[in-house]
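# Report on the structure
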Amino acid sequence: MAVSATKDNFKENTQGTMTLVDFWAPWCAPCKMMEPVLDQLEQQYGKQIKFVKFNVDDSQDIAMEYKVMSIPSLVVFNEGVAKEKVTGVYPKDKLSKYLDKKIEQLEK
């Protein structure tokens, strides 16, 4: 199960080789659509990627810092640094190919 980050532990939770942060909110219907997809991807990539959820209602400052203007947004972090962001609802296959590419880039 994905780690739930707060404004107090966000930096700590984005450390590591590859972290995928799901910026979401409980009232967001597209976020609810993405939840089962991300759960499946976490089962598939759990050993290679750390999955983190961040509720934007808890801290708009963090969302603004990473230029999250709409949700759901997925931000890829490497060693605590935001590298890339994708926004919107994506099918599992498309996100899986995206994550494979990100893992391959990190291994180079």
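Computed from a predicted structure; not experimentally measured.

### Describing the state of the cysteines
For the coordinates displayed, the defined rule picks out one disulfide. Each disulfide pairs two cysteine sulfurs, and for Cys28 the partner residue is Cys31, the sulfurs being separated by 2.4 Å. Given an S-S torsion of about 80°, the disulfide between Cys28 and Cys31 has right-handed geometry. Across this residue pair, the class does not change: Cys28 and Cys31 are buried.

### Quick look at the environment of Pro72
Here Pro72 lies in the loop between α3 (60–65) and β4 (73–78). Here the alpha-carbon distance between Pro72 and Asn9, two residues 63 residues apart in the chain, equals 20 Å. Among residues more than four places away in sequence, those in contact with Pro72 are Asp22, Phe23, Cys28, Pro30, Cys31, Met34, Val86, Thr87, Gly88 and Val89.

### What to know about empty space enclosed by the protein
In total, this model carries one cavity of 30 Å³ or more according to the counting rule given. Roughly 70 Å³ of volume is contained in the largest cavity. Around the largest cavity, the lining residues are Ala2, Leu20, Asp22, Leu38, Asp39, Glu42, Phe51, Val52 and Lys53. Elements with a minimum of two residues in the lining of the largest cavity: β2 (19–24), α2 (29–45) and β3 (50–55). Considering only residue class, the lining of the largest cavity consists of five nonpolar, no polar and four charged.

### A few points about the UniProt feature "active site" (unreviewed entry) in the chain
Look at the UniProt record and you will see "active site" (unreviewed entry) annotated at Cys28 and Cys31. With respect to the helices, strands and loops of the structure, Cys28 is situated in the loop between β2 and α2. Beyond its immediate chain neighbours, meaning those up to four positions away, Cys28 contacts Ile71 and Pro72. Along the chain, the position of Cys31 falls in helix α2. Among the residues examined, Cys31 registers a relative accessible area of 5% and is labelled buried. Every residue in contact with Cys31, bar those within four places of it in the chain, is listed here: Trp24, Ala25, Ile71 and Pro72.

### Some thoughts on the packing of aromatic side chains
Evaluated as defined, the whole model comprises seven aromatic pairs. Here Phe23 and Phe54 contribute two aromatic rings whose centre-to-centre distance is 5.7 Å and whose plane-to-plane angle is 65°, an arrangement assigned as edge-to-face. On the criterion of sequence distance, the pair formed by Phe23 in strand β2 and Phe54 in strand β3 is long-range, its members being 31 residues apart. The same class applies to Phe23 and to Phe54, which are both buried. Through a chain of ring-to-ring contacts, three or more aromatic side chains come together here, namely Phe10, Phe23, Phe54, Tyr66 and Phe77.

### Digging into the packing of α2 against helix α4 (residues 92–107)
Remark: α2 packs on α4, axes separated minimally by 10 Å, with the N-to-C direction vectors making an angle of 40°. By the criterion of interaxial angle, the relationship of α2 to α4 is oblique. In this structure, α2 meets α4 at a crossing whose hand is right-handed. Across the interface between the two elements, Met34, Val37, Leu38, Gln40, Leu41, Gln44 and Tyr45 of α2 pack against Lys92, Leu95, Ser96, Leu99, Asp100 and Ile103 of α4. Among the residues making up the contact of α2 with α4, the classes are represented as eight nonpolar, three polar and two charged.

Conventions used here
- Residues numbered from 1 in each chain as written.
- Predicted model: local features only at pLDDT ≥ 70, side-chain atom pairs only at ≥ 80, totals over all residues.
- Heavy atoms only, no water.
- Disulfide = S-S within 2.5 Å.
- Buried < 20%, exposed > 50% of the residue type's maximum accessible area, 1.4 Å probe, protein only.
- Helix = DSSP H or I, 4+ residues; strand = E, 2+ residues; numbered from the N terminus.
- Contact = heavy atoms within 4.5 Å.
- 1 Å grid on protein atoms, 1.4 Å probe; cavity = no way out; pocket = protein on both sides within 12 Å on 5 of 7 lines; lining within 4 Å.
- Points joined across faces, edges and corners; volume = space filled by probe spheres on them.
- Nonpolar A, V, L, I, M, F, W, Y, C, P; charged D, E, K, R; others polar.
- UniProt positions renumbered as here; feature names shortened; annotations may be inferred.
- Phe/Tyr/Trp six-rings, centres within 6.5 Å; stacked < 30°, edge-to-face > 60°.
- Axes fitted to C-alpha atoms, helices over the stretch in contact; angles between N-to-C directions.
- Parallel < 35°, antiparallel > 145°, perpendicular 65-115°, else oblique.
- Left-handed = near helix turned anticlockwise from the far one by under 90°.

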